[in-house]
Amino acid sequence: MTLRPPPRSPALHRVVALLQPPQSTFLLACATEVFGDHGPAVPDRYTFEVCTEHPGPVRTRVGYDLLVTAGLDALERADTVLVPGWQQPAGAEVPPAVAEAVRGAHRRGARIVGICSGAFVLAAAGLLDGRRAATHWARAAELAARYPRVRVDPAVLYVDHGDVATSAGSAAGVDLCLHLVRTDQGAAHALRIARQMVMPPHREGCQLQYAELPTSGPVADSLAPLLEWLAGRLDQPVSVAEMAVHSQVSARTLTRRFTEQLGISPGRWLLDRRLAATRALLEETDLPVETIARRVGLSSAVNLRRRFHEALRTTPAAYRRAFRAGEAGVRRG
């Protein structure tokens, strides 16, 4: 196998996080873990900085202050503006200067991202009018009531419109950030970051599986052991019946658990993982399509091309050419 070294680029994508007291340190960390420095194992593709409306100490929710020296003018230099939460009491208004700065960055062409309750800031700026949006399930009703023109979806982990994106609560911010890396830099680069963070590059399902249930009852068995087992066997044919045997349940029970916990069928989950592995190999290696097909368990080049086209509306060869062309453009800055 010829492994292509990851490209380096002087044209780094600038991410600026807009902080507001009391700042959630976890939501901020979700972004820094994805867009920050990962050391020599992952080539730099982003720069990350923070700003706030009033530079100086920014109070956090955990008993210490963050010293932020940049003001709202930092948003004028951002390629992506990220709002890691809006931890204000119900009914609190987003400061007009903050809303206008976010609108201005969007008009200039920056991507605006709201993590968790950060969607309230995007809504106040008018960027979510007539659009689907995500936020923490516990605040979805409040967001919908305060901003009736926003189509709040309380189930999804994130919603990406290209120029504007929002996520559900807490760890869903990592899901969204990794999705944005896949969009910007390709699946292989996102996979490198996810490996550094020791987490899956893509999490299935919806946030309703984490919401408080109206009635108590037994919690369904976790699929995590099975998913880990499957991830190590992408090159092998695995049927739903074999998955059920491994999990020591019936095929019907296993399918129900997939639907309840992940929102998709076992076969769909496995195919998605095979296609994600295909994208990474197309991006990072010069392996022939036939070899990739065998390596990811799609048996033949014909089957891989058919599945790839159904999912991505392009061919493996066209995907590889487009990625290489985009990569060269990035290197040229």
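See the structure shown above.
Here is a short report on the structure shown in this document. For every chain, the first residue of the written sequence is number 1, and numbering continues from 1 along that sequence. Only residues with pLDDT of at least 70 get local features here, since the model is predicted, and only at 80 or more are side-chain atom pairs given and counted; chain-wide, interface and lining totals rely on the full set of residues. Neither water nor hydrogens contribute to the side-chain values; these are computed over all heavy atoms in the structure.

**What about the environment of Leu127?**
Secondary structure follows DSSP: runs of H or I at least 4 residues long count as helices, runs of E at least 2 residues long count as strands, and numbering of each begins at the N terminus. With respect to the element layout, Leu127 can be found in the loop between helix H3 (119-124) and strand E7 (132-133). What makes Leu127 buried here is its relative accessible area of 10%. On a C-alpha basis, the gap between Leu127 and Arg103 in space is 7.5 Å, while along the polypeptide they are 24 residues apart. Contacts between residues were defined by any pair of non-hydrogen atoms, one from each residue, lying within 4.5 Å. If sequence neighbours within four positions are ignored, Leu127 has contacts with Val102, His106, Ile112, Leu122 and Val164. Accessibility here uses a 1.4 Å probe with only protein chains present; expressed as a share of the type maximum, an area under 20% marks a residue as buried, one over 50% as exposed, and anything in between as partly exposed.

**Quick notes on helix H12 (residues 301-312)**
Counted at 1.5 Å a residue, the expected span for H12 with its 12 residues is 16 Å, and the 16 Å between its end C-alpha atoms agrees. The set of residues buried in H12 consists of Ala301, Asn303, Leu304 and Phe308. Across the axial projection of H12, the buried residues extend over an arc of 155°, all falling on one side. Downstream of H12 by a residue or two, Arg313 has a phi angle that is positive, lying close to 60°. One fewer than the residue count of a helix, multiplied by 1.5 Å, yields its expected span. Note that the arc is defined by the directions from the helix axis to the C-beta atoms.

**Considering the pairing of strand E2 (residues 46-52)**
By definition, two strands form a pair when at least two bridges between them are found by DSSP. Here seven bridges tie strand E1 (residues 13-19) to E2, and the two strands are oriented parallel to one another. Counterpart to Val15 in the pairing with E2 is Phe48. Read as a crossover between parallel neighbours, the route from E1 over helix H1 (residues 25-35) to E2 is right-handed. For the handedness criterion, the strands are oriented away from the viewer, and a crossover whose path from the first strand over the helix to the second runs clockwise is classed as right-handed.

**Things to note about helix H9 (residues 251-262)**
The terminal C-alpha atoms of H9 lie 16 Å apart, and with 12 residues this matches the ideal 16 Å at 1.5 Å per residue to within 8%. For H9, every residue scored as buried is listed here: Thr253, Leu254, Arg257, Phe258, Gln261 and Leu262. Looking down the long axis of H9, one finds its buried residues gathered within 140° of arc, a one-sided arrangement. Packing partners of the buried residues in H9 comprise helix H7 (224-231), helix H8 (240-247) and helix H10 (266-284). Gly263, located one to two residues past H9, shows a positive phi value of around 80°.

**Considerations on the sheet that holds strand E5 (residues 80-84)**
Overall, mixed pairing links the six strands, which are arranged E2-E1-E5-E6-E10-E9 in an open sheet. Edge positions in the sheet fall to E2 and strand E9 (158-160), since each has one partner strand and no second. Within this sheet the neighbouring strands show an average axis-to-axis angle of 15°, counted without direction. With three bridges joining them, E1 and E5 adopt parallel strand pairing. Its bridge partner being in E5, Val15 is matched across the sheet by Thr80. Every axis corresponds to a line fitted to the C-alpha atoms, with the helix fit spanning only the stretch in contact, and the corresponding angles, defined between N-to-C directions, vary from 0 to 180 degrees. Strand contacts of H1: E1, E2, E5 and strand E6 (111-115), with the helix running at about 155° to E2, the strand carrying the most contacts.

Honestly, that's just the spatial picture; any functional story needs more than this.
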